[in-house]
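Chain and residue survey
For reference, the chains in residue letters:
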Amino acid sequence: MYAIVEIAGQQFKVAKDQKVYVHRLQDEEGSKVTFDNVLLLEDGSNITIGAPAIDGAAVEAKVIKHLKGDKVIVFKKKRRKGYKKKNGHRQYLTELVIEGIIASGAKKSEKKAEPKKEAKPAAKKVEVKAEAPKKEEAKATEDLSKNTVAELRELAKAKGVEGYSSMKKAELIAALS
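Residues numbered from 1 in each chain as written. Predicted model: local features only at pLDDT ≥ 70, side-chain atom pairs only at ≥ 80, totals over all residues. Heavy atoms only, no water.

We now examine the overall build of the protein chain. Of the regular secondary structure elements, the protein chain holds 3 helices and 8 strands. Listed N to C, the secondary structure of the protein chain is β-β-β-β-β-β-β-β-α-α-α in terms of helices and strands. Expressed as a percentage of the 177 residues in the protein chain, the buried residues total 23%. For the protein chain, contacts bridging at least 24 residues in sequence account for 60% of all contacts bridging at least 6. Element-wise, carbon and sulfur atoms account for 50% of the exposed surface of the protein chain, whose accessible area totals about 13800 Å². (Helix = DSSP H or I, 4+ residues; strand = E, 2+ residues; numbered from the N terminus. Buried < 20%, exposed > 50% of the residue type's maximum accessible area, 1.4 Å probe, protein only. Contact = heavy atoms within 4.5 Å. Areas by Shrake-Rupley, 256 points an atom, 1.4 Å probe, with all protein chains shown as cover.)

Structure representation (structure tokens):
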């Protein structure tokens with residue numbers, strides 16, 4: 001029996017009693033971890049594929065230790081330019097041992113739900129925006145010659161005047177008043 005499970009953003013094919021090195025997890029050494037994002041399960045001849053994950057399936061693992069991976073040398077060079085950069089990197093890893101694969105009946109781990117922000121302030125902003133054009137229209141009827149051609153075209157578009165895009169400023173003012 002094996003499963004394909006997502007652990008720390010990567011997918012792994014795991015079986016019982018297998019050791020897996022994954023990106024560093026926040027769990028303590030010796031603690032048990034359950035991964036409920038199982039993408040595929042194979043049990044003998046039965047293959048179950050999730051869409052995207054299988055409901056009720058989980059993989060139980062135990063954290064053995066935290067360690068650093070092998071050193072990776074990053075060497076950059078541009079020939080004939082005198083440019084050389086040497087850099088190194090060691091990835092932080094966690095060693096896991098897979099203790100079991102549960103095909104069904106596993107409880108989903110509870111994620112911390114963030115409280116949703118209220119939508120009332122957004123509604124107030126919409127109301128304020130709705131009132132603003134009325135004020136602009138009141139000002140527009142007073143003196144349209146102070147507006148730019150672009151503003152006059154927007155007002156003409158709002159009123160439904162046809163052919164406003166080719167009109168000059170004086171023609172727009174005449175059509176709007």
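This part covers the sheet that holds strand β6 (residues 46–49). One open sheet holds the 4 strands; their spatial order is β2-β1-β5-β6, and the pairing between them is antiparallel. Looking at strand neighbours, the two that pair on one side only are β2 (10–15) and β6, the edges of this open sheet. For this sheet, the mean angle separating the axes of adjacent strands, direction not counted, is 15°. Relative to strand β5 (residues 38–43), strand β1 (residues 2–7) runs antiparallel, the two sharing 4 bridges. Its bridge partner being in β5, V5 is matched across the sheet by V38. (Pairing = 2+ DSSP bridges. Axes fitted to C-alpha atoms, helices over the stretch in contact; angles between N-to-C directions.)

This part is about the pattern of salt bridges. Enumeration over the complete set of coordinates arrives at 2 salt bridges. Two residues, K19 and E95, come together in a salt bridge whose shortest N-O distance is 3.4 Å. Taken together, the positions of K19 in strand β3 (residues 19–23) and E95 in strand β8 (residues 83–102) put the pair 76 residues apart, joining distant regions of the chain. Relative accessible area serves as the criterion here: at 54%, K19 is assigned to the exposed category. The shortest N-O distance in the salt bridge between K32 and E99 comes to 3.8 Å. Of this pair, K32 sits in strand β4 (residues 32–35) while E99 sits in strand β8; the two residues are 67 residues apart in sequence, bridging distant segments of the chain. Of the residues examined, E99 reaches a relative accessible area of 27% and is grouped as partly exposed. (Salt bridge = Lys/Arg side-chain N within 4 Å of Asp/Glu carboxyl O.)

With that out of the way, let us pick up the packing of aromatic side chains. Given two aromatic rings, one states the distance between the centres and the angle between the planes to describe the pair. Applying the stated criterion to the full structure yields 0 aromatic pairs. When the ring centre of Y2 is taken as origin, the NZ or CZ atom of K13, which lies over that ring, is 4.4 Å away. (Phe/Tyr/Trp six-rings, centres within 6.5 Å; stacked < 30°, edge-to-face > 60°. Lys NZ or Arg CZ within 6 Å of the ring centre and 35° of its normal.)

Here the focus is the sheet that holds β3. Spatial ordering of the open sheet is given by β3-β8-β7-β4, a layout of 4 strands whose pairing is antiparallel. Because the sheet does not close on itself, it has two edges, and the strands there are β3 and β4. Geometrically, the sheet is characterised by an average inter-axis angle of 50° between neighbouring strands, direction not taken into account. Both strand β7 (residues 58–78) and β8 contribute to a ladder of 18 bridges, which runs antiparallel. Opposite V59, over in β8, you have I101 as the bridge partner.

A surface patch of like charges, here positive, comprises R24, K68, K71, K86 and R90. Counting residues per element, the ones that place at least two in the positive patch are β7 and β8. Looking at where R90 falls in the secondary structure, it is placed in strand β8. Among the residues examined, R90 registers a relative accessible area of 38% and is labelled partly exposed. (Patch = residues over 30% accessible without salt bridge, like charges linked within 9 Å, V, L, I, M, F, W, Y side chains within 5 Å. Lys, Arg positive; Asp, Glu negative; His and termini not counted. Charge placed at Lys NZ, Arg CZ, Asp CG, Glu CD.)

Let us now look at the pairing of β6. Each regular strand shows side chains that alternate between the opposite faces of the sheet. Of the pairings in the sheet, the one linking β5 to β6 comprises 4 bridges and is antiparallel in character. What sits directly across from E42, in β6, is I47. Here β5 folds back onto β6 in antiparallel fashion, the turn holding 2 residues, of which G44 has a positive phi close to 70°.

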